[in-house]
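Close look at the chain arrangement
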Amino acid sequence: MFPRNPHQDRRSSWPRLTLAALISAVLVGAQATPAPLQFKPRPPAFEYVRAAQPTPRARPGERVALTINAGQTDLKLTLAQLRAMPAVRYTTPHPQLKKTITYEGVTLRDLAARGGFAGKDLRLYATNGFASTIRADDYMNWPVMLAYQADGAPIPALQKGPLTVVLPATPERFHTGEYSSAWVWFVERLAPVK
């Protein structure tokens, strides 16, 4: 009798090898299931009414509208430079003015990103000495804005301008007493909470 040639009968060994590989894969999978991939949630997209424009240079004598405390240096922006950033617009009831207004401005998320501290709680300072903190969860997930326009016109001081923090109509918690201090008027500076 001649010894059996292993290459001679490949077709009959193929199903056995495939079955063995499948059983092995099932057993290995049952022993050590890999952890599911963890994805960091991305902030939701905001609906912008205008994309970013090239940032204009400050003209001689042009007033600084907002200072962003960005670490070692401060970023000073004029109103024209703020208007060049991406803009959001929405209608929301203003709790102190007791009326519904359509505001346009820059999201706090975009301002914090410009300062290099997006995702940190923000401290906003007003020209009258008032200061308030806005939580990162709120401004990263909702289009909380620094408004420079109300009902299509610059915001006068009598309506809390020229820069005022505005919160969207939803979620409803933004219009409760807990958030009344978040509606900062006469904003002049923002910084991350350390």
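Note: the structure precedes this text.
The present account deals with the structure reproduced in this document. (Residues numbered from 1 in each chain as written. Predicted model: local features only at pLDDT ≥ 70, side-chain atom pairs only at ≥ 80, totals over all residues. Heavy atoms only, no water.)

**Details of the overall build of the protein**
Counted only if it meets this: Helix and strand definitions follow DSSP, with helices as H or I runs of at least four residues and strands as E runs of at least two, each counted in order from the N terminus. Exposed residues in this analysis have more than 50% of their type's maximum accessible area, buried residues have under 20%, and partly exposed residues fall in between, with area computed by a 1.4 Å probe over protein chains only. Note on contacts: a residue pair qualifies if any of its non-hydrogen atoms lie within 4.5 Å across the two residues. In short, Shrake-Rupley with a 1.4 Å probe defines the accessible areas, and a residue's cover is counted only from the protein chains shown.
Helices and strands together make up the secondary structure of the protein, namely four helices and 11 strands. Burial statistics for the protein: of 194 residues in total, 35% are counted as buried. Within the protein, residue pairs in contact and separated by at least 24 positions form 63% of the contacts whose partners lie at least 6 positions apart. If you sum the accessible surface of the protein, you get close to 12400 Å²; carbon and sulfur atoms cover 58% of it.

**Remarks on the packing of aromatic side chains**
To keep things clear, this is the line we draw: When the centres of two rings from Phe, Tyr and Trp lie within 6.5 Å, Trp using its six-membered ring, the rings pair. Their planes under 30 degrees apart give stacked, over 60 give edge-to-face, and anything left gives tilted. Whether a charge sits over a ring depends on NZ of Lys or CZ of Arg being within 6 Å of the ring centre and within 35 degrees of the ring normal.
Here the structure, examined in full by the defined rule, presents three aromatic pairs. Taking 6.1 Å as the distance between ring centres and 80° as the angle between the ring planes, the aromatic pair formed by Trp 185 and Phe 186 counts as edge-to-face. Through a chain of ring-to-ring contacts, the aromatic side chains of Trp 142, Phe 174 and Tyr 179 assemble into a single cluster. Positioned above the aromatic ring of Trp 185 is the side chain of Lys 160, whose terminal nitrogen or guanidinium carbon lies 3.6 Å from the ring centre. Geometry around Tyr 125 places Arg 189 over its ring, the cationic atom sitting 3.8 Å from the centre.

**Looking at the sheet that holds strand β2 (residues 64-70)**
Think of a sheet as strands paired side by side through backbone hydrogen bonds, with each pair either parallel or antiparallel. Selection rule: Pairing between strands is defined by DSSP: at least two bridges between them are needed. Note on definitions: angles span 0 to 180 degrees between N-to-C directions of axes, and those axes are lines fitted to C-alpha atoms, for helices only across the stretch in contact.
Strand order in this open sheet of five strands is β3-β2-β11-β6-β7, and the pairing throughout is mixed. Strands with a single pairing partner mark the edges of an open sheet, and in this sheet they are β3 (73-78) and β7 (131-134). In this sheet, adjacent strand axes meet at a mean angle of 20° when their direction is disregarded. Inspection of the sheet shows strand β6 (residues 122-126) paired to strand β11 (residues 187-192) by five bridges, in the antiparallel sense. Bridge pairing in β11 links Arg 123 to Ala 191. The strands touched by helix α3 (residues 108-115) are β2, β3, β6, β7 and β11; relative to β2, the strand with the most contacts, the crossing angle is about 60°.

**Re the environment of Pro 171**
Structurally, Pro 171 is set in the loop between β10 (164-166) and β11. The class of Pro 171 is buried, set by a relative accessible area of 15%. Separated by 29 residues in sequence, Pro 171 and Trp 142 have C-alpha atoms that sit 8.6 Å apart.

**Considerations on the pairing of β6**
Burial of β6 is one-sided: the residues Leu 122, Leu 124 and Ala 126 facing one way are buried, the residues Arg 123 and Tyr 125 facing the other way are not. Note: β6 against β7, four bridges, orientation antiparallel. Each bridged residue has a counterpart across the sheet, and for Arg 123 the counterpart in β7 is Thr 133. Linking two consecutive strands that pair antiparallel, namely β6 and β7, is a turn of four residues; a positive phi of about 95° is found at Gly 129 within it.

**What to know about α3**
Among the eight residues in α3, six count as buried, and that is most of the element. Listing the buried residues of α3 in full gives Leu 108, Arg 109, Asp 110, Leu 111, Ala 112 and Gly 115. Downstream of α3 by a residue or two, Gly 116 has a phi angle that is positive, lying close to 85°.

**Comments concerning unusual backbone geometry**
The amide bond that connects Gly 161 to the next residue, Pro 162, takes the cis arrangement and shows omega of 10°. With omega at 0°, the peptide bond leading from Thr 170 into Pro 171 counts as cis.

**With respect to the nonpolar core**
What counts here: Think of a nonpolar core as a cluster: buried Ala, Val, Leu, Ile, Met, Phe, Trp, Tyr and Cys residues, connected wherever their side-chain atoms sit within 4.5 Å.
Counting residues in each nonpolar core, the largest one holds 42 residues, and the members touching the most others are Leu 66, Leu 82, Leu 108, Leu 111, Leu 124, Tyr 139 and Val 165. When residues of this core are assigned to their parent elements, the largest contribution, five residues, is made by strand β8 (residues 145-150). Setting aside residues no more than four positions away along its own chain, Leu 66 makes contact with Leu 75, Lys 76, Leu 77, Leu 82, Leu 111, Leu 146, Leu 163, Val 187, Glu 188, Arg 189 and Leu 190.

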